[in-house]
Amino acid sequence: MKIKNGFLLRSVAGKNIVVPVGAELDFGGMITLNDTGKFMWEHLSCETDTDSLLKKIVSEYDIDEATAEADMNNFISKLKELNILED
């Protein structure tokens, strides 16, 4: 899975903002990410799978695997709902 083309992550006034670019996208608005969301977004910008992403999250943050997996799955679900993520 990976983030679809047409979305950019930028730092604006100290906040992590995702904005759509390109006329073919049906997405009006922007998304604000916390630092963990930014971390996952950056790793989802390249093709990856949930096992690899989970290992990276657990390695980067002081968090148990079950909590990391629940948070990761929630983030991925929201991206899929917004049609931002390719399978």
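A brief structural summary. (Residues numbered from 1 in each chain as written. Predicted model: local features only at pLDDT ≥ 70, side-chain atom pairs only at ≥ 80, totals over all residues. Heavy atoms only, no water.)

**Digging into the overall build of the protein chain**
Cut-off, in case you're wondering: Strands are runs of DSSP state E lasting at least 2 residues, helices are runs of H or I lasting at least 4, and numbering of each runs from the N terminus. This radius of gyration counts C-alpha atoms alone. The globule rule is 2.2 Å times how many residues there are, raised to the power 0.38. The buried label applies to any residue whose accessible area, calculated with a 1.4 Å probe on protein chains only, is under 20% of its type's maximum; exposed applies above 50%, and partly exposed to all values in between. Contacts were defined at the residue level, with two residues in contact if any of their heavy atoms lie within 4.5 Å. In this description, accessible areas are obtained by the Shrake-Rupley approach with a 1.4 Å probe, and a residue is regarded as covered only by the protein chains that are shown. In this tally, Asp and Glu contribute negative charge and Lys and Arg positive charge; neither His nor the terminal groups of the chain are included. The atom standing in for a charge is NZ when the residue is Lys, CZ when it is Arg, CG when it is Asp and CD when it is Glu.
Each helix and strand counted, the protein chain has 3 helices and 5 strands in total. Listing each helix as α and each strand as β along the protein chain from the N terminus yields β-β-β-β-α-α-α-β. Against the 2.2 N^0.38 benchmark of 12 Å for 87 residues, the protein chain shows a C-alpha radius of gyration of 13 Å, consistent with a compact globule. With respect to the principal axes defined by its C-alpha atoms, the protein chain has extents near 40 × 30 × 20 Å. Across the 87 residues of the protein chain, 31% fall into the buried class. For the protein chain, the share of sequence-separated contacts (at least 6 apart) that also reach a separation of at least 24 residues comes to 45%. Carbon and sulfur atoms make up 46% of the accessible area of the protein chain, which totals about 5,600 Å². For the protein chain, the centre of its 9 positive side-chain charges and the centre of its 16 negative side-chain charges are spaced 6 Å apart.

**Points about the packing of helix α1 (residues 35-44) against helix α2 (residues 50-60)**
To keep things clear, this is the line we draw: To obtain each axis, a line is fitted to C-alpha atoms, and for helices this fit is confined to the stretch in contact; angles are then taken between N-to-C directions over 0 to 180 degrees. In a left-handed crossing the near helix is turned counterclockwise from the far helix by less than a right angle, and in a right-handed crossing that turn is clockwise. Only Asp, Glu, Lys and Arg are considered charged, only Ala, Val, Leu, Ile, Met, Phe, Trp, Tyr, Cys and Pro nonpolar, and every remaining residue, Gly among them, polar.
At a closest axis distance of 11 Å, the pairing of α1 and α2 adopts a crossing angle of 140 degrees. Handedness of the α1/α2 crossing: right-handed. Where α1 abuts α2, its residues F39, M40, H43 and L44 lie against L53, K56, I57 and E60. Each residue belonging to the contact of α1 with α2 can be placed in one class, and the counts come to 5 nonpolar, 1 polar and 2 charged.

**Overview of the packing of α2 against helix α3 (residues 65-81)**
This is how the line gets drawn: An angle counts as roughly parallel when it lies under 35 degrees, as roughly antiparallel when it exceeds 145, as roughly perpendicular when it falls between 65 and 115, and as oblique in every other case.
Between α2 and α3, whose axes approach to 10 Å, the crossing angle comes to 125 degrees. Comparing the axis directions of α2 and α3 gives the class oblique. The element α2 and its partner α3 pack so that their crossing is right-handed. Residues T50, L53, L54, I57 and V58 of α2 touch α3, and the partners they reach there are E65, A68, E69, M72 and I76. Within the contact of α2 with α3, the residues separate by chemical class into 7 nonpolar, 1 polar and 2 charged.

**As for the nonpolar core**
Most often, soluble globular proteins have nonpolar side chains that are buried together. Here is the rule: Nine residue types can take part in a nonpolar core, namely buried Ala, Val, Leu, Ile, Met, Phe, Trp, Tyr and Cys, and a core is a set of them joined through side-chain atoms within 4.5 Å.
Among the nonpolar cores identified, the biggest contains 21 residues, and I3, W41, L44 and L79 are the most heavily contacted of them. Mapped onto this core, the elements with two or more residues apiece are β2 (7-12), β4 (31-33), α1, α2 and α3. For this core, the leading source of residues is α3, giving 5 residues. With near-sequence residues (within four places) excluded, I3 lies in contact with W41, L44, S45, L79, I84 and L85.

By themselves, these figures tell us nothing about what the structure is for.
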